[in-house]
Amino acid sequence: MRLYQLALREIGRRKIRTLYTASGIALSVALLVATILVGSAGQKDLLLTIARYGHSLTILPATTMDTSLQSFGIGSGHYIPEEAIPSIRTIYDAAIKTGWERMGGLVLQSGIPFGGEQQIQEAIFAPRLYEETNVLDRRVVVAGVDSVAEYQTRFWWEVDSGNLMNDPQEVMVGKVFAAITGVKVGDRVDINGQSFKVGGILRETDSPDDYMIFSTLPTVQKLFGKQGLVSLINVRAMCNYCPVGDAELAINQKVVGVRATSQREIAQAQHKIFRNVTHVILTLVGLSLLMACMAVFNMIMGTMHGRIREIGLLKVLGASRWQLMRTFAYESIALGILGGLIGYALGVSIAFGVGPWLLSGAIIELHWWEPLLAVVAAIMTSLLATLLPALHTSRISVATAFRAQ
Amino acid sequence: MFTVKELQKIYHFGTESIEALQNINFSVKRGEFVAIIGHSGSGKSTLLSVMGGLTRPTAGVVLIEDEDLWSKNDCGRARIRNNKVGFIFQFASLIPTLDCLGNVMLPCLFNPKGLQWANQEKAQQLLQIVGLADKIHAYPNELSGGQQRRVAIARALINNPILILADEPTGDLDEETEAEVMKLLLTNIRQHQATLIMVTHNLHLAQRADRVLQMKKGKLQ
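These remarks concern the structure in this document.

Here is what the cut-offs are and how they apply
All residue numbers refer to position in the chain's written sequence, counted from 1. Each chain is given a letter, starting from A, and each ligand a number, starting from 1, according to the order in which they appear as written. Local features are withheld for residues below a pLDDT of 70 in this predicted model, meaning they are given only at 70 or higher, and side-chain atom pairs are given and counted only at 80 or more; totals for whole chains, interfaces and linings count all residues. Hydrogen atoms and water are omitted, and side-chain values are computed over all heavy atoms in the structure. Secondary structure elements are taken from DSSP: a helix is a run of H or I of four residues or more, a strand is a run of E of two residues or more, and numbering for both begins at the N terminus. Relative accessibility decides the category of a residue: with a 1.4 Å probe and only protein chains considered, values under 20% of the type maximum give buried, values over 50% give exposed, and everything between is partly exposed. Two rings from Phe, Tyr or Trp (for Trp, the six-membered ring) form a pair when their centres sit within 6.5 Å of each other. Planes less than 30 degrees apart are called stacked, planes more than 60 degrees apart edge-to-face, and all others tilted. Patch membership requires more than 30% relative accessible area and the absence of a salt bridge. Residues of like charge join within 9 Å; the nonpolar side chains Val, Leu, Ile, Met, Phe, Trp and Tyr join within 5 Å. Working definition of accessibility: Shrake-Rupley area with a 1.4 Å probe, residue cover restricted to the visible protein chains. We define a salt bridge as a contact between a side-chain nitrogen of Lys or Arg and a carboxyl oxygen of Asp or Glu at a distance within 4 Å. Think of it this way: DSSP has to see at least two bridges between two strands before they count as a pair. In this description, contact between two residues means that some pair of their heavy atoms is separated by no more than 4.5 Å. For helices, the fitted line uses only the C-alpha atoms of the stretch in contact; every axis is such a line through C-alpha atoms, and the angle between N-to-C directions lies from 0 to 180 degrees. Two residue types count as positive, namely Lys and Arg, and two as negative, namely Asp and Glu; His and chain ends fall outside the count. The location of each charge is read from NZ of Lys, CZ of Arg, CG of Asp or CD of Glu. Between N or O atoms, a polar contact is any pair within 3.5 Å; within protein, one atom must be a potential hydrogen donor and the other a potential acceptor, and residues adjacent in sequence are included only when both atoms are from side chains. Buried area, as used here, totals the accessible surface that two parts lose on assembly, with accessibility defined by a 1.4 Å probe and the loss added over both.

**What to know about the overall build of chain A**
Piece 1. In terms of regular secondary structure, chain A is built from 12 helices and 14 strands.
Piece 2. For chain A, with 405 residues in total, the buried portion stands at 49%.

Next comes the structure, spelled out in structure tokens:
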């Protein structure tokens, strides 16, 4: 027989108490595991989204000084010729390729850099034409969009009712506009003397889109006599690592009459916020582990007190303080392994149960190191909680131990 | 040779002090059986506890084979207890999670030089000697008080101690078992030239000792 066997037998003897003590550790570990699983799934989802859609670039007529709703250049006569888009794209692709090669990335296909874990897709150019007019006795901005490119760049778009705009004879209206005017899917609205069917209502986006009416680009161009013109071009890089800044600089330097603005910082800020939130949650989980530690400490203190005569007997039979400490450590490790495994299973269940509800679209993934982390955290908690009672009990004199009961 | 010199133990209870042991001096040779008798509260158990390294004396020396027990640290005393001393208590003192064999082999667990296979064989022999050959794998809760006491005796002998300290070892045993236990202890001390110091109220048992020491109010008479 070995010391660890003596410890395991002791654990086995006090099954209910062991389970009760282990459950304290298990709950904290479950919280830790669930936070890590859900947090990393959310972070990965965000990173994938950023990687998939990349950073965006807005290209405006150079005379437009602001990208806000008030300064579309509506009615000011400032537009970008549609025919300039292919040459802007060429400059953009060349800048991305050069920048990518400078960073040491591989380019397998002209204009399509390849790197990281994902295949990098070609950038999406989504031109928009804005015109202001009266609809249902209200001033409203009518946006002409390239529906395919628009849905790719505005991937968060969802319809509240009806369907996304895909018919030149239909329009899609923003949620706020629909609420103010009371239009519903299937109603007809007159725009600049032409009647359109409302095909869908866009779900609220908390952006100027909520106040607009959308139709296809050629329809709006024709409706307002702006054939071949666009108000701005949204470019989505479709690549997280692409040097969008280089493209921004190249367009500003090489294309006369337009101004490109990168929105890379927005994606970085989103990532940073998510990371900070995860850190705060992990800190709270750490505190809960500490609380579990204190609860386990109390339980172990009680258990030790109940065994004091047996511990005295072990000392009489020649157990040194070190050997007693080792026995307690083995018990603690066994308790930690039990609590860690239960906690891991519980944490995974919580993550799979609550994760998709908390973060829609987040996919919980398991890794080999997570059960290990759970068990190590549980063992550390258990050892920390056992340390003081073990030190105290192993120091007690045999005579005191025998008098204790 | 086992020697105690000028042993003193004072217990303090607030402002009150009780001198449990007063200037105790005696020596016991190897192979000798010494009985310590006396009334309750006379200091017999305290003396046994101090001699075994369980209760620290206020003053005095306990020498086991010229090793000063109380000059050692906790670890050193534990090693001496493990290698040289066998204890038999007046209460049931078995570990409930271990069977008879495990309980008898328990001191070997704390002995780094202990060979498991050799100890197991010896433990089985000892259990056979104490009449528990058929109870090797029985747990303490499956044994009677007398059987538990016999397991404790077997455990006290497993490491071939040179000093056996017994506190009322036959206290709750019937006459027949008491005779068997005493025979076992005496045979063992003769065979291994061990010293047996036994605290007892039983004068009949004390008469079998080579020497009887009487305690009265913390002093040897």
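**Observations concerning the packing of aromatic side chains**
All names here are of chain A.
Piece 1. Applying the stated criterion across every chain, the model contains five aromatic pairs over all chains.
Piece 2. Plain terms: the ring middles of Trp 157 and Phe 214 are 5.1 Å apart, the flat faces sit at 65 degrees to each other, and that makes the pair edge-to-face. Separated by 57 residues along the polypeptide, Trp 157 in the loop between helix H4 (147-153) and strand E7 (159-162) and Phe 214 in strand E11 (residues 213-216) bring together distant segments of the chain.
Piece 3. Look at Phe 214 and you get buried, because its relative accessible area is 0%.

**Some details on a nonpolar patch on the surface**
All names here are of chain A.
Piece 1. Among the surface-exposed residues, Leu 27, Leu 346, Ile 350, Val 354, Trp 357 and Leu 358 lie close enough to one another that they form a single nonpolar patch of about 610 Å² accessible area.
Piece 2. Ranked by residue count, the leading element in the nonpolar patch is helix H10 (residues 321-358), at five residues.
Piece 3. In this fold, Ile 350 is placed in helix H10.

**Remarks on the sheet that holds strand E5 (residues 67-68) of chain B**
All names here are of chain B.
Piece 1. The sheet built from four strands is open, its strands ordered E2-E1-E4-E5 with antiparallel pairing. Each edge of the open sheet carries a strand with a single partner, namely strand E2 (16-28) and E5.
Piece 2. Both strand E4 (residues 59-64) and E5 contribute to a ladder of two bridges, which runs antiparallel. Across the sheet, Leu 63 pairs through a bridge with Asp 68, a residue of E5.
Piece 3. On top of the sheet, helix H1 (residues 44-51) reaches strand E1 (2-13), E2 and E4; it is set at about 65 degrees to E2, its chief contact.

**Regarding the sheet that holds strand E8 (residues 195-199) of chain B**
Residues and elements named next belong to chain B.
Piece 1. An order of E6-E7-E8-E3-E9-E10 is seen for the six strands of this open sheet, with the pairing classed as mixed. Where the open sheet ends on each side, the last strands, each with one partner, are strand E6 (85-88) and strand E10 (219-220).
Piece 2. Looking at chain direction, strand E7 (residues 163-167) and E8 are connected through five bridges and run parallel. Directly across from Asp 167, in E8, lies its bridge partner Val 199.
Piece 3. Across the sheet, helix H2 (residues 74-84) is in contact with E6 and E7; its angle to E6 comes to roughly 80 degrees.

**Some points on a negative patch on the surface**
Piece 1. A cluster of like negative charges, contributed by Asp174(B), Glu175(B), Glu176(B) and Glu180(B), occupies part of the molecular surface.
Piece 2. Here Glu180(B) shows up in helix H6 (residues 175-192).

**Points about unusual backbone geometry**
Trans is the prevailing form of peptide bonds, just as negative phi is the prevailing case for residues other than glycine.
Residues and elements named next belong to chain B.
Piece 1. Located in the positive-phi region is Glu 168, a residue other than glycine, with phi close to 50 degrees.
Piece 2. With respect to the helices and strands, Glu 168 occurs in the loop between E7 and H6.
Piece 3. For Glu 168, a relative accessible area of 12% gives the class buried.
Piece 4. Its identity as a non-glycine residue notwithstanding, Gln 193 has a phi of 50 degrees, on the positive side.
Piece 5. Take Gln 193: its relative accessible area is 42%, and that puts it in the partly exposed class.

**Remarks on the side chain of Ser382(A)**
Residue and element names in this part refer to chain A.
Piece 1. Inspection of the secondary structure assignment puts Ser 382 in helix H11 (residues 369-395).
Piece 2. In terms of polar contacts, Ser 382 uses its side chain to reach the backbone carbonyl oxygen of Ser 332, at 2.8 Å.
Piece 3. Setting aside anything within four residues of it in sequence, one finds Ser 382 in contact with Ile 25, Ser 332, Leu 335 and Gly 336.

**Quick notes on the interface of chain A and chain B**
Piece 1. Counting from both sides, the interface comprises 22 residues of chain A and, opposite them, 24 residues of chain B.
Piece 2. Both faces considered, chain A and chain B share a buried interface measuring about 2200 Å² in area, 67% of it formed by carbon and sulfur atoms.
Piece 3. Contact with chain B buries surface across chain A, with Met1(A), Val316(A) and Leu317(A) losing the most and accounting together for 28% of the total.
Piece 4. Linking chain A with chain B are one salt bridge.
Piece 5. Asp74(B) serves as the salt-bridge partner of Lys315(A), at 3.7 Å between the closest nitrogen and oxygen.
Piece 6. At the junction of chain A with chain B, the criterion picks out five residue pairs in polar contact (both at pLDDT 80 or more).
Piece 7. Secondary-structure elements contributing two or more residues to the side of chain A that touches chain B are helix H1 (3-13), helix H9 (308-316), H10 and helix H12 (398-403) of chain A.

**What to know about the pairing of E11(A)**
Residues and elements named next belong to chain A.
Piece 1. Bridge count for strand E6 (residues 138-145) against E11 is four bridges, and the pairing is parallel. Bridge pairing links Gly 144 to Ser 215 in E11.
Piece 2. Two elements, strand E8 (residues 170-173) and E11, share two bridges in a ladder whose sense is antiparallel. Bridge pairing in E11 places Met 172 opposite Phe 214.

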